[in-house]
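Architecture at a glance
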Amino acid sequence: MFDVAVIGGGVIGGAILRKLSSYNLKICLLEKGNDVCVGQSKANSGIVHAGFDASVGTLKAKFNVLGNAMMPKYARELGVKYENNGSLVVAFSDEEMITLGELKERGIRNGVQGLEIIDQAKLRELEPNISPNAVGALLAKTGGIICPYELTIASIGNAMDNGATLFTNFEVDKINAGDSFEIYSANGQKVQSKIVVNCAGYGSQKVANLIGDYSFTIGGRRGEYILLDRESGGFAKHTLFFTPTKKGKGILISPTVDGNLLLGPTADEVDFNNTDTTQIGLQSVIDKANEMCVGVPTYNVITSFAGVRAYCDKHDFIIEESNVKNGFINCVGIESPGLTSAPAIAEYVVDEIISKRITLTKNPNFNGVRKPDYFFSKLTVEEKNEIIKKDPSYGRIVCRCERITEGEIVRALTQNPRATDIDGVKRRTRAGMGRCQGGFCQPYVADLIAKVNGVTIDKVTKNGKGSEIVVGETK
Amino acid sequence: MKVYDVVIIGGGPAGLAAAVSAYDSGAESVLILERDDVLGGILNQCIHNGFGLTRFKESMTGPEYADRFIKEVRKRNIEVKLKTTVLDLCEDKTVTAINEREGVFFVRGKAVILAMGCRERSRGALNVAGTRVAGVYSAGTAQKYVNVKGFLPGKNVVILGSGDIGLIMARRMTLEGAKVHAVCEIMPHSSGLKRNIVQCLNDFDIPLYLNHTITRIDGDARVTGVQISKVDQNKKPILGSEFYIPCDTVLFSVGLIPENELSKNAGVELSPKTKGAVVYQNRETSISGIFACGNVLQVHDLVDFVSEEAELAGKSASEYARRGDREKDCVNCIAKDKITYVLPQKIDKNQSGNVTLFFRANGVYKNCRVVVENDGQEVLSLKKRVVVPGEMERVILTEKIIKALNGDLTLKIVE
Amino acid sequence: MKKVNLTCIECPIGCDITVEIDGEKVLSVQGNACQRGKLYVSNEVVCPVRVLTTTVKTQNGKMLPVKSNKPIKKADIFVAMEKINGVVAKTPIKIGERVIADIFDGVDIIACADVE
């Protein structure tokens, strides 16, 4: 019997799991995918928002501002790359300049520090590639960037290091709610827990329905992105937003913490978890990017992808115990700024909601520090050589584009949460994330996965059952 | 830090030939740095034949061709470091490399030869819409799985791009029991060699769709099918022309890109056309003492020409190591009408000997002339029955022409 | 009598060759740049042949690239593949060594690389 079962291995589930692991509790994470972080937490903008966007008084506003303040320390403890690059909301007309004034006002009321309206000259100085049609901007100094899957994986890994149990391929199919919860997966696994936290993202409505909670509806909004080579990473220094209009927020242009340039997302309603990219969508991203900046280096595209943001019909986060059943906590509708809010939501859920149902005592052995998965290339020559002396496999480069070593890949395959497939290795180590997109290193990575798990290459998958990378031996 | 006469980055066909040539031209210490655990580079997975016809007057497979050069390297006192990746190259020709035995280490070359080869353009670079599922590979990756690892990536295949690797893989996968349903080429002509259309596609009744591209990839965990569309003159898909092919595998053979990240970091000037270094006729780059050859310089159709170019670079590097930098008297070679690029981009009039200009046409032209002009005068004209973008062409300028050059030289095709 | 247009596959030039044949008899060959082209089309119109290149599994698990040391009939290629796929080559093996003797009409399958 677990004290708490968290459903959904995304950034929210991960943050809650980690917070729970700082207490003396028996906890587990139920993830439907073959790996953690395979839903919207892996395919979003990776922005640490300042907090001027959300309406005053909403949970979004509250947790955004709190989360923004917590993020630098949170990321540092978990060995996750975070950069306080600042955001710019760019105006293209006098009318939009007025909107920026309103945004700034709203930000101040939300408690955001460091907001400043800047003129065209200052904007051009900050971002030389900005369109000449841009007339000014709202500078948010507390805006930042982070790698969302790195953050999620690190939170979950750290929680596991502190005693949490992970169940993958656990798609919650049935819940018997009595004194405790009996949770069944579609493939026959069963877990029993006193408390359940529903962080199932796009699937959270379905999970809530299993205990008879029909209080909210989840919709999906697909966002398509284009990623550019690191050579173009310096094209923009800040995260550049369009001024929000009635038609929506438009796309953003942002550097990433790994030095790439990100364009996107689009926003269109989808009626299932459809992460296909579309010709029209990708073209619109490029068109919008060219409105924002001059000379967007689209020749340097290395990949495109899409994520589905689960949003709720209440248009705010729902973070509360279900009215239907005590001990069942919904953490749903966590769309943007969910990533930024994650650390603050986790504290609130554990310390304010779960604490009312179960006595929390500090885990004396809790260690909130986790070593990063991606680290080797950042070391000095001396540090590298010390590691190679102990483990020569760190001297063998597997991914030439991102310069990832065999040692790092084996480490990702063996430490919490263990990568088990090609995409899992990629998200942890960046092997395959570079300009050749795994063309050279994938067979090598597949070999390592096979070797560590004691199987042949034809058992290795891209991202779980049915995605085997080869169909069989030729002979 | 150990100093070598010539340090060669890459032990594929270019690096091997450059090493042998540098050694034979008098370089006393030659080092090859190779990231793989064997020499030979991409030739090891190119198990098909057709290599060596120009050079050895026989049709060899890739591994056989590589073996000839590997044996030549082994016969000589050429140092080889395998499983060694070069991390950085500086303008002063210091090379930072890493391997399991030595960790991160530094060597310097009096001369350095860039022979890193190229990589394939990926699906991502084309922005093809659809899911990101298993079963999508670049042709070279599939080739590695099939020929080196012995595993079949899929059973029902559609190939985008008619580059040679794609054509070769169409045949290869067919031989190993897969069904190749189509090869789609966005251009009105194939980008591969004609012989490969015949022996890789026609032999097995594999249809080639010119002016077609893949506009969507479907699938949940693995590819289940592709949507193919006809394209107009501007390569834009024509609405309503779509048709669908169920398949479990999509291979991309859509071009090769020289791997010049090290060159860029060192400050070597690159050509936006070739994506390789700008070089003189001796294959010296904009940084004196750094040379480039093979597919890192320009993507070749034939390995025979890679070897030829590498030998030139090897000899030049060896001379440089011995004699140091010499003053240049430089003219530019400029690609004009109907020509994509000319290489070398610069001619140093102080160097002796004939100069071969390599170039590619930007379209298919029949019964045309290749014209070299200088100072408003035609200095050379060459009749061609046909030129196509997929095949590299050459014209030879004699030393006499070179010495008489006055200002930049242009090359064009006249129909 | 009929005319057949073929693209020569002997070398990368890929000559477009026109052959005039009467039944199996070659009357004339035009468009070839060399003698290999003539031989190629003369075979091609009667009985097309190809050098087969593929791989063989070896004892140590590695794949060994192999080829037929002479061209085999195009029609026999898949039969040859089946035979080759049923063989495990002994190691070590040197380049040029025979892997399968006389797979068809005196044609051998030989190793194209050294495997230890």
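Residues numbered from 1 in each chain as written. Chains lettered and ligands numbered in written order. Predicted model: local features only at pLDDT ≥ 70, side-chain atom pairs only at ≥ 80, totals over all residues.

What follows deals with the overall build of chain A. Looking only at helices and strands, one finds 12 helices and 23 strands in chain A. For 475 residues, the compact-globule estimate of 2.2 N^0.38 gives 23 Å, and the C-alpha radius of gyration of chain A, at 22 Å, lies within 12% of that figure. In terms of overall dimensions, chain A has a C-alpha envelope of 60 × 55 × 45 Å along the principal axes. Looking at chain A as a whole, 59% of its 475 residues are labelled buried. Looking at chain A alone, contacts between residues at least 24 apart form 73% of all its contacts between residues at least 6 apart. (Helix = DSSP H or I, 4+ residues; strand = E, 2+ residues; numbered from the N terminus. Rg over C-alpha atoms; globule rule 2.2 N^0.38 Å. Buried ≥ 20, exposed ≤ 12 C-beta atoms within 10 Å, placed from the backbone. Contact = placed C-beta atoms within 7 Å.)

Helix and strand content of chain B: 9 helices and 28 strands. The C-alpha radius of gyration computed for chain B amounts to 22 Å, which stays within 12% of the reference 22 Å derived for 415 residues, consistent with globular compactness. Overall, chain B is about 60 × 60 × 40 Å in size when its C-alpha atoms are taken along their principal axes. With 415 residues in all, chain B has 57% of them scored as buried. Sequence-distant contacts, at least 24 apart, represent 65% of the contacts inside chain B between residues at least 6 apart.

Turning our attention to the domain arrangement of chain B. All names here are of chain B. Once the domains are mapped, chain B shows domain 1 (1–120 + 256–325), domain 2 (122–254) and domain 3 (327–415). The centre of domain 1, based on its C-alpha atoms, is set 31 Å off from the matching centre of domain 2. Counting from both sides, the interface comprises 6 residues of domain 1 and, opposite them, 10 residues of domain 2. Tallied by class, residues from the side of domain 1 that touches domain 2 come to 1 nonpolar, 3 polar and 2 charged. (Domains from an automatic or database assignment. Nonpolar A, V, L, I, M, F, W, Y, C, P; charged D, E, K, R; others polar.)

In this section: the environment of A:Ala267. All names here are of chain A. Here Ala-267 lies in the loop between strand E16 (261–264) and strand E17 (268–270). Each C-alpha atom of the pair Ala-267 and Gly-281 lies 8.8 Å from the other, and the pair is 14 residues apart in sequence. Not counting residues up to four positions away in its chain, the partners in contact with Ala-267 are Arg-221, Gly-223 and Gly-248.

Moving on, we get to the interface of chain B and chain A. Contact with chain B, which involves 38 residues of that partner, is made by 46 residues of chain A. Of all the secondary structure elements, the ones that give two or more residues to the side of chain B that touches chain A are strand E6 (85–89), strand E7 (94–99), strand E8 (103–114), strand E9 (118–120), helix H3 (123–126), helix H4 (139–149) and strand E11 (151–152) of chain B. Among the elements that line the side of chain B that touches chain A, the one with the most residues is H4(B), at 6 residues. Taken together, the residues of the side of chain B that touches chain A sort by class into 13 nonpolar, 14 polar and 11 charged. As paired strands, strand E23 (residues 472–473) of chain A and E11(B) are joined by 2 bridges and run antiparallel to one another. Opposite A:Gly472, over in E11(B), you have B:Leu152 as the bridge partner. (Pairing = 2+ DSSP bridges.)

Glancing now at the confidence of the model for chain B. Counting all residues, the mean pLDDT for chain B is 95, and 100% of those residues have values of 70 or more. Across the interface, the model reports ipTM at 0.94; the global pTM reads 0.94. (pLDDT = per-residue confidence, 0-100.)

All names here are of chain C. The strand order across the open sheet formed by 3 strands is E1-E2-E3, and the pairing between neighbours is antiparallel. Edge positions in the sheet fall to strand E1 (2–7) and strand E3 (25–30), since each of these pairs with one other strand and no more. Going across the sheet, the axis of each strand differs from the next one's by a mean of 30 degrees, ignoring polarity. Here strand E2 (residues 16–22) runs beside E3; their pairing, made up of 5 bridges, is antiparallel. In the strand pairing of E3, Glu-20 is matched with Ser-28. Relative to the sheet, helix H1 (residues 35–46) contacts E1, E2 and E3, its axis offset from that of E2 by approximately 50 degrees. (Axes fitted to C-alpha atoms, helices over the stretch in contact; angles between N-to-C directions.)

Contacts between the two partners involve 19 residues from chain C and, on the opposite side, 21 residues from chain B. Those elements giving two or more residues to the side of chain C that touches chain B turn out to be strand E5 (53–58) and strand E6 (63–68) of chain C. Ranked by the residues each element gives to the side of chain C that touches chain B, the list is headed by E5(C), at 4 residues. Its residues assigned to classes, the side of chain C that touches chain B comprises 10 nonpolar, 5 polar and 4 charged.

Before going further, it helps to examine unusual backbone geometry. Peptide bonds are mostly trans, and most non-glycine residues show a negative phi. Omega for the bond connecting A:Gly264 with A:Pro265 falls within 30 degrees of zero, at 0 degrees, which places this linkage in the cis form. By the element assignment, A:Pro265 lies in the loop between E16 and E17. A cis amide bond links C:Thr91 to the next residue, C:Pro92, at an omega of -5 degrees. Residue position: C:Pro92 is located in the loop between strand E8 (88–89) and strand E9 (98–104).

Here we take up the domain arrangement of chain A. Residues and elements named next belong to chain A. According to the domain assignment, chain A contains domain 1 (1–83 + 145–217 + 313–372), domain 2 (87–141 + 220–310) and domain 3 (376–459). For domain 1 versus domain 2, the distance between C-alpha centres works out to 28 Å. Contact residues are listed per partner, giving 25 residues for domain 1 and 29 residues for domain 2. Classifying every residue of the side of domain 1 that touches domain 2 by side-chain character gives 13 nonpolar, 9 polar and 3 charged.

All names here are of chain A. Note on placement: Leu-228 falls in strand E13 (residues 218–228). For the pair Leu-228 and Leu-448, spaced 220 residues apart in the sequence, the C-alpha separation amounts to 28 Å. The residues touching Leu-228, leaving out its near neighbours within four places in the chain, are Asn-260, Leu-261, Pro-297, Asn-300, Val-301 and Ile-302.

So, on to the nonpolar core. It is characteristic of soluble globular proteins that their nonpolar side chains tend to be buried jointly. B:Ile8 and B:Ile113 are the most contacted members of the largest nonpolar core, which has 218 residues in total. Discounting chain neighbours no more than four positions away, the residues touching B:Ile8 are B:Gly15, B:Ala18, B:Ala19, B:Val30, B:Leu31, B:Ile32, B:Leu33, B:Ile113 and B:Ala115. Ranked by size, the runner-up nonpolar core spans 81 residues in total, among them A:Ile175, A:Val191, A:Ile195 and A:Cys312. (Core = buried A, V, L, I, M, F, W, Y, C linked by C-beta atoms within 7 Å.)

Attention now moves to the sheet that holds strand E4 (residues 82–83) of chain A. Residue and element names in this part refer to chain A. Spatially, E3-E8-E4 is the arrangement adopted by the 3 strands of the open sheet, whose pairing is antiparallel. The sheet is open, and its two borders are formed by strand E3 (47–48) and E4, each paired with just one other strand. Sheet topology note: the E4/strand E8 (residues 144–146) ladder contains 2 bridges and is antiparallel. Within E8, the position partnered with Glu-83 by the bridge is Ile-145.

Here we take up helix H12 (residues 442–453) of chain A. With 12 residues, H12(A) extends 16 Å from end C-alpha to end C-alpha; this agrees with the ideal 16 Å at 1.5 Å per step. Residues of H12(A) that are buried: A:Gln442, A:Pro443, A:Tyr444, A:Val445, A:Ala446, A:Leu448 and A:Ile449. Lining the buried residues of H12(A) we find strand E21 (397–399), helix H10 (406–414) and helix H11 (422–429) of chain A together with H4 of chain B. Where H12(A) terminates, the next one or two residues include A:Gly454, which has phi positive at roughly 65 degrees. (Expected span 1.5 Å × (residues − 1).)

So, on to the pairing of strand E16 (residues 223–230) of chain B. In regular strands, side chains alternate between the two faces of the sheet. Residue and element names in this part refer to chain B. Relative to E16, strand E15 (residues 212–219) is paired through 7 bridges, and the arrangement is antiparallel. Among the inter-strand pairings, Ile-217 is bridged to a residue of E16, identified as Val-226. Here E15 folds back onto E16, and the loop between the two strands holds 3 residues. In terms of strand pairing, E16 meets strand E17 (residues 243–246) through 4 bridges, oriented antiparallel. Directly across from Ile-228, in E17, lies its bridge partner Phe-243.

Moving on, we get to the packing of helix H5 (residues 164–175) of chain B against helix H6 (residues 194–201) of chain B. When two helices pack together, you describe them by how their axes are tilted relative to each other and by the distance separating the axes. Residues and elements named next belong to chain B. Where H5 meets H6, the axes come as close as 8 Å, and the angle between the chain directions of the two elements is 20 degrees. On the basis of the axis angle, H5 is roughly parallel to H6. Between H5 and H6 lies a crossing of left-handed hand. Residue-level inspection shows Asp-164, Leu-167, Ile-168, Ala-170 and Arg-171 of H5 in contact with H6, the latter providing Asn-196, Ile-197, Cys-200 and Leu-201. (Parallel < 35°, antiparallel > 145°, perpendicular 65-115°, else oblique. Left-handed = near helix turned anticlockwise from the far one by under 90°.)

Once that is clear, we can look at H6(B). Among the 8 residues in H6(B), 6 count as buried, and that is most of the element. When H6(B) is considered as a whole, its buried residues turn out to be B:Arg195, B:Asn196, B:Ile197, B:Gln199, B:Cys200 and B:Leu201. Tucked inside the fold, the buried residues of H6(B) contact H5, strand E13 (179–185) and strand E14 (208–210) of chain B together with E1 and strand E4 (49–50) of chain C.

Structurally, B:Asn99 can be placed in strand E7. Each C-alpha atom of the pair B:Asn99 and B:Thr84 lies 4.7 Å from the other, and the pair is 15 residues apart in sequence. Setting aside its immediate chain neighbours within four residues, B:Asn99 contacts A:Gly395, B:Lys81, B:Lys83 and B:Thr84.

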